[in-house]
Amino acid sequence: MAGLQLKQIRKSYGAVDVIHGIDLDIKQGEFIVFVGPSGCGKSTLLRMIAGLEEISGGQMYIDNELVNEVPPSKRGIAMVFQSYALYPHMTVYDNMAFGMRIAKESKEEIDRRVRNAAEILQLTKYLDRLPKALSGGQRQRVAIGRAICRNPKVFLFDEPLSNLDAALRVATRIEIAKLNEAMADTTMIYVTHDQVEAMTLADRIVVLSGGHIEQVGAPLALYERPDNLFVARFIGSPAMNIIPATVTAAGPQTTVRLAGGKSVTLAVPSDAGAVGKAASFGVRPEDLVVATGEDFLFEGTVSIVEALGEVTLLYIDGLVADEPIIAKLPGILPVARGERIRFTADAAKLHLFDENGRSYRT
Ligand code: ADP
Ligand code: MG
């Protein structure tokens, strides 16, 4: 059973620590996505799992075996990179067969695995082509096929779609989702900075920042119950609106005074020590609704209208200095720049974070 355990995994380059002690349990067959801003350590962590990067501290187990000192070829992993690096003078078939020929697999076994991978990835009719006669998406599928042929216990992907244009990215993402279904027992770890990929592919997302884990959870759990301000802002687009606030009453419900003066009571618990402390109030753009009566959350002036057809984004000035509040409303709205507008939101959709950015819910 190829699960993975990372225990206090660290990485430093000379005196610079880039991974600060990662603890993570990955079950066999799980699809795990590492997501986070550029430079947060996603590739470094993946490369340590692959054995391409030395582990500076901690223990890494694959299949309950300590692999810190095990070379990449003995870890039962296959990795797909952003640049697919196919051999240009070899056919699709030979590109996929190459590694197995080096490993002296039998001709029959090679043929069986290549045809199986081609079948999974719908490449059967391209087996005789050279890479130059393929689209970028097809080339990346060949690179994935080459990895499938290795029969890995663990499949690693490092931003495999980021060289593709938007339409191919969507199509290839769906191929990867199907691949995950077809290889249900194979553990997959997928690095991306694209939150749509993270949300749609992952069983669980690991949100990283600055070389540590911010939160691990199912995609919708991260969306609905972010543990902290970082995750709240990172998951969801446009990002969650954050408004500075002060706690004015504590208990099973918490009342805060927002910048601008409005008082709001939220269905999140706090203790008496919170009263008087700074907090951050959060509400997602898509959770705001236009308020018609006096019962509103906040009021401001529309500074920008972005009509996308399916949704309209409104940028509202006048509440937080320098930063507009964004509302994402369904459909096409007859709203113009300069209009005053009021918003409200369902109490269950409101978020509150303490002075250190920790959610009050957890
Ligand atoms: P990500 O994949 O999340 O964008 P990386 O894992 O590539 O981030 O990098 C994490 C951090 O480690 C970055 O700050 C990067 O500059 C640093 N880093 C990566 N590789 C090296 C290296 N070979 N030497 C020194 N620093 C490195
Ligand atoms: Mg990277």
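Residues numbered from 1 in each chain as written. Chains lettered and ligands numbered in written order. Predicted model: local features only at pLDDT ≥ 70, side-chain atom pairs only at ≥ 80, totals over all residues. Heavy atoms only, no water.

Draft legend 1. Spotlight on the domain arrangement of the protein. Splitting the protein by domain gives domain 1 (4–233) and domain 2 (234–353). At the interface, 16 residues of domain 1 touch 12 residues of domain 2. Both sides of the domain 1 and domain 2 interface together cover about 1,300 Å² of buried area, and 65% of this is carbon and sulfur. The three residues of domain 1 that bury the most area against domain 2 are Gln195, Tyr223 and Arg233, which together make up 45% of that side's buried surface. Taken together, the links from domain 1 to domain 2 amount to zero salt bridges. Counting the contacts that link domain 1 with domain 2 gives seven residue pairs in polar contact (both at pLDDT 80 or more). If you list the elements that add at least two residues to the side of domain 1 that touches domain 2, you get α6 (195–201), α7 (219–224) and α8 (229–234). Here the element with the most residues in the side of domain 1 that touches domain 2 is α8; it accounts for five residues. (Domains from an automatic or database assignment. Contact = heavy atoms within 4.5 Å. Buried area = accessible area lost by both parts, 1.4 Å probe. Salt bridge = Lys/Arg side-chain N within 4 Å of Asp/Glu carboxyl O. Polar contact = N/O pair within 3.5 Å; in protein donor to acceptor, adjacent residues only side chain to side chain. Helix = DSSP H or I, 4+ residues; strand = E, 2+ residues; numbered from the N terminus.)

Draft legend 2. Focus on the sheet that holds strand β17 (residues 311–320). Spatially, β15-β19-β16-β17-β18 is the arrangement adopted by the five strands of the open sheet, whose pairing is antiparallel. Across the chains shown, the open sheet's two edge strands, defined by having one partner strand only, are β15 (289–290) and β18 (323–330). Inspection of the sheet shows strand β16 (residues 298–307) paired to β17 by six bridges, in the antiparallel sense. Across the sheet, residue Ile304 finds its bridge partner in β17, namely Tyr315. (Pairing = 2+ DSSP bridges.)

Draft legend 3. Layout of the sheet that holds strand β14 (residues 278–283). Here we have five strands laid out as an open sheet, ordered β13-β12-β11-β14-β20, and antiparallel in their pairing. The sheet is open, and its two edges are formed by β13 (263–266) and β20 (351–353), each paired on a single side. Across the sheet, the mean angle separating the axes of adjacent strands is 40° when strand polarity is ignored. As paired strands, strand β11 (residues 241–249) and β14 are joined by six bridges and run antiparallel to one another. Note that in β14 the partner of Ile242 across the bridge is Gly282. (Axes fitted to C-alpha atoms, helices over the stretch in contact; angles between N-to-C directions.)

Draft legend 4. Main features of the environment of Asn64. Tracing the sequence through the fold places Asn64 in the loop between β4 (57–62) and β5 (65–66). Expressed as a C-alpha distance, the spacing of Asn64 and Gln5, which sit 59 residues apart in the sequence, is 7.7 Å.

Draft legend 5. Examining the site of ligand 1 more closely. By nearness alone, every residue bordering ligand 1 is listed as Tyr13, Val18, Pro37, Ser38, Gly39, Cys40, Gly41, Lys42, Ser43 and Thr44. Here a nitrogen atom of ligand 1 sits 3.3 Å away from a polar atom, N or O, in the side chain of Tyr13. Separating an oxygen atom of ligand 1 from a backbone N or O atom of Lys42 is a distance of 2.9 Å. In the complex, the protein chains occlude 55% of the 570 Å² of accessible area that ligand 1 would expose alone. Top element by residues in the shell around ligand 1 is helix α1 (residues 42–50). It accounts for three residues. Residue composition of the shell around ligand 1, grouped by class: four nonpolar, five polar and one charged. (Near = heavy atom within 4 Å. Areas by Shrake-Rupley, 256 points an atom, 1.4 Å probe, with all protein chains shown as cover. Nonpolar A, V, L, I, M, F, W, Y, C, P; charged D, E, K, R; others polar.)

Draft legend 6. Seen up close, the pattern of salt bridges. One pass over the full model with this rule turns up 15 salt bridges. Residues Asp63 and Lys153 are paired through a salt bridge, measuring 3.2 Å at the closest nitrogen-oxygen approach. Placement of the pair is Asp63 in the loop between β4 and β5 and Lys153 in the loop between α4 (136–149) and β7 (154–158), with a sequence separation of 90 residues. We classify Asp63 as partly exposed; its relative accessible area is 24%. We classify Lys153 as partly exposed; its relative accessible area is 33%. (Buried < 20%, exposed > 50% of the residue type's maximum accessible area, 1.4 Å probe, protein only.)

Draft legend 7. Quick look at the nonpolar core. Counting residues in each nonpolar core, the largest one holds 45 residues, and the members touching the most others are Met96, Val114, Ile144, Phe155 and Phe157. Ranked by the residues each element gives to this core, the list is headed by α4, at six residues. Contacts of Phe155, omitting those with residues within four sequence positions, involve Ala78, Val80, Ile144, Ala147, Ile148, Met183, Thr186, Thr187, Met188 and Ile189. Counting 30 residues, the second largest nonpolar core, distinct from the first, contains Ala245, Ala279, Phe298 and Tyr360. (Core = buried A, V, L, I, M, F, W, Y, C linked by side-chain atoms within 4.5 Å.)

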